[in-house]
Amino acid sequence: MLGTRTNRTLGAATLACTAALALALCPLGTRAALADAEADHADELQEVQGRINESNVDYEEAVARVEELQAQIDANEARIAELEQELPAQREEAAASMRSLYRMQQSSGGLVELLLSADNFNELLTTIQYLDVIQSHNASAVSDLVAASEELEQTRSALELQMQEAEAERDRAAEALAAATAARQELQARIEAQAAAEAAERQAAIEAAKAEEGQTFVTESGNEAEVETPSEGSTGAGSIDWNMSKEEFVSSWGARIDAYLAGSPLAGYGTTFAEAAWEYSVDPRFSPAISMVESSQGRYCYRPHNAWGWGGISWSSWEEAIWAHTAGLASGYGGTLTYAGALKYCPPNADNWYASVLANMQRI
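The rules behind each value
Residues numbered from 1 in each chain as written. Predicted model: local features only at pLDDT ≥ 70, side-chain atom pairs only at ≥ 80, totals over all residues. Heavy atoms only, no water. Helix = DSSP H or I, 4+ residues; strand = E, 2+ residues; numbered from the N terminus. Polar contact = N/O pair within 3.5 Å; in protein donor to acceptor, adjacent residues only side chain to side chain. Contact = heavy atoms within 4.5 Å. 1 Å grid on protein atoms, 1.4 Å probe; cavity = no way out; pocket = protein on both sides within 12 Å on 5 of 7 lines; lining within 4 Å. Points joined across faces, edges and corners; volume = space filled by probe spheres on them. Nonpolar A, V, L, I, M, F, W, Y, C, P; charged D, E, K, R; others polar. Buried < 20%, exposed > 50% of the residue type's maximum accessible area, 1.4 Å probe, protein only. Phe/Tyr/Trp six-rings, centres within 6.5 Å; stacked < 30°, edge-to-face > 60°. Core = buried A, V, L, I, M, F, W, Y, C linked by side-chain atoms within 4.5 Å.

**Some thoughts on the side chain of His325**
Inspection of the secondary structure puts His325 in helix 9 (residues 318-333). At a separation of 2.8 Å, a polar atom in the side chain of His325 contacts the side chain of Ser287. In this structure the side chain of His325 is engaged in a polar contact, spanning 3.2 Å, whose partner is the side chain of Tyr345. Non-local contacts of His325, meaning those with residues more than four positions away in its chain, are made with Ser287, Ile290, Trp308, Trp310 and Tyr345.

**Some words on the layout of surface pockets**
Reported here for the largest pocket is a volume of approximately 410 Å³. Leu177, Arg184, Trp242, Met244 and Trp278 are the residues nearest the centre of the largest pocket, which is lined by 18 residues in total. Elements that contribute at least two residues to the lining of the largest pocket include exactly helix 2 (28-106), helix 4 (121-197) and helix 6 (246-261). Of all the elements, helix 4 adds the most residues to the lining of the largest pocket, at six residues. Its residues assigned to classes, the lining of the largest pocket comprises seven nonpolar, six polar and five charged.

**A look at helix 8 (residues 286-295)**
Extensive coverage of helix 8 is indicated by the burial of nine of its ten residues. Residues of helix 8 that are buried: Phe286, Ser287, Pro288, Ala289, Ile290, Ser291, Val293, Glu294 and Ser295.

**Notes on helix 7 (residues 270-280)**
Counting buried positions over the eleven residues of helix 7 gives eight, a clear majority of the element. Residues of helix 7 that are buried: Gly270, Thr272, Phe273, Ala274, Ala276, Ala277, Trp278 and Glu279. Positive phi appears at Ser281, one or two residues downstream of helix 7, with a value of about 55 degrees.

**Some remarks on unusual backbone geometry**
If you check the backbone angles, Ser296 has positive phi at about 55 degrees while not being a glycine. Tracing the sequence through the fold places Ser296 in the loop between helix 8 and helix 9. Take Ser296: its relative accessible area is 25%, and that puts it in the partly exposed class. Here the phi dihedral of Gln297 falls at roughly 60 degrees; this positive angle occurs in a residue that is not glycine. Tracing the backbone through its elements, the reader meets Gln297 in the loop between helix 8 and helix 9. In this structure Gln297 comes out as buried when scored by relative accessible area, which is 5%.

**Here we look at the packing of aromatic side chains**
Considering all chains together, one arrives at eleven aromatic pairs under this definition. Plain terms: the ring middles of Trp308 and Trp318 are 6.3 Å apart, the flat faces sit at 85 degrees to each other, and that makes the pair edge-to-face. Of this pair, Trp308 sits in the loop between helix 8 and helix 9 while Trp318 sits in helix 9, and the two are ten residues apart along the sequence. Of the residues examined, Trp318 reaches a relative accessible area of 12% and is grouped as buried. Both rings, one in Trp310 and one in Tyr333, keep their centres 6.2 Å apart while their planes meet at 55 degrees; by these two values the pair is tilted.

**Notes on the nonpolar core**
Across soluble globular proteins, nonpolar side chains have a tendency to be buried as a group. Within the largest apolar cluster, 47 residues are counted, with the highest numbers of intra-cluster contacts made by Phe286, Trp308, Trp353 and Val357. For this core, the element with the most residues is helix 11 (residues 350-363), which contributes seven residues. Excluding residues that lie within four positions of it along the chain, Val357 makes contacts with Phe286, Ala289, Ile290, Val293 and Leu337. Of all hydrophobic cores here, the second largest spans five residues; its members include Leu69, Ile73, Ile80 and Ala166.

Dropping the structure here:
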């Protein structure tokens, strides 16, 4: 087993060195072919991203339904508790009423004598009304007990059905969450595979950018940006830890992005960037870093609220723009920085664009 692992490691290292050497020696046409292959890989990532988005929507809907059902269950349980508290008194009252009715029925002869002994008609009416009130009250007490018992049973039956439905909803939500998690893991694996495949291209791009560091290049938005390079020995931004809740993710990355954007027109939108990144499973550093390279964090936009040189589009607000740009990065670029994506995003100056965006992502 150890020998197999060692051979695989050596094989991977040999493949990486061979790829680097081939890239250094290959003509521009071959390099373009490699970029086309990476673009095809990005299309596969886009398909996975679509499944992730659908799973997120299904999970959020299922969770909302479970919460709604739980609220109904809580209300039913509260009503059952009220009924259970009321029943003992109602049973006692009904029992007393039934005893009274029984005594009245057994003493019918005495009642007739009581009526005949009335001195006048008014006294007779008063006696009849009194007896009618007693009988009505007793009958009502018995009826109330029956109604309360029926309501209790109906409520319990409804509660059992709702509990079954809630449990089914939870199962579906759990399956949706598992599917989203699996899709995220698959996406991460594909990203890592793509990163390994294009390692030589990324290294060549960074080396080319280092030769021009401190100079300027034209970005996709038509602005000029200073060439920046990442930290020594780094060719990628690294992976994102998705093993946390949405609240933890947004809180952590929102604060980091706010610190990065402080003093710019995009200041204070860290939470928006983080929420959009979570929704579309995009590296939360990706869009803010591009905004720095393309427009100095929104200071020099070539279209209203377009800080990213994004397709000649204008937006009415930063929030709308951030969500739209993040969605575009998910659907068209696999949600993270790759050299193939740089060739697609800023073809004339892909090397400098890739290195500069990576350097800014490392600052967040």
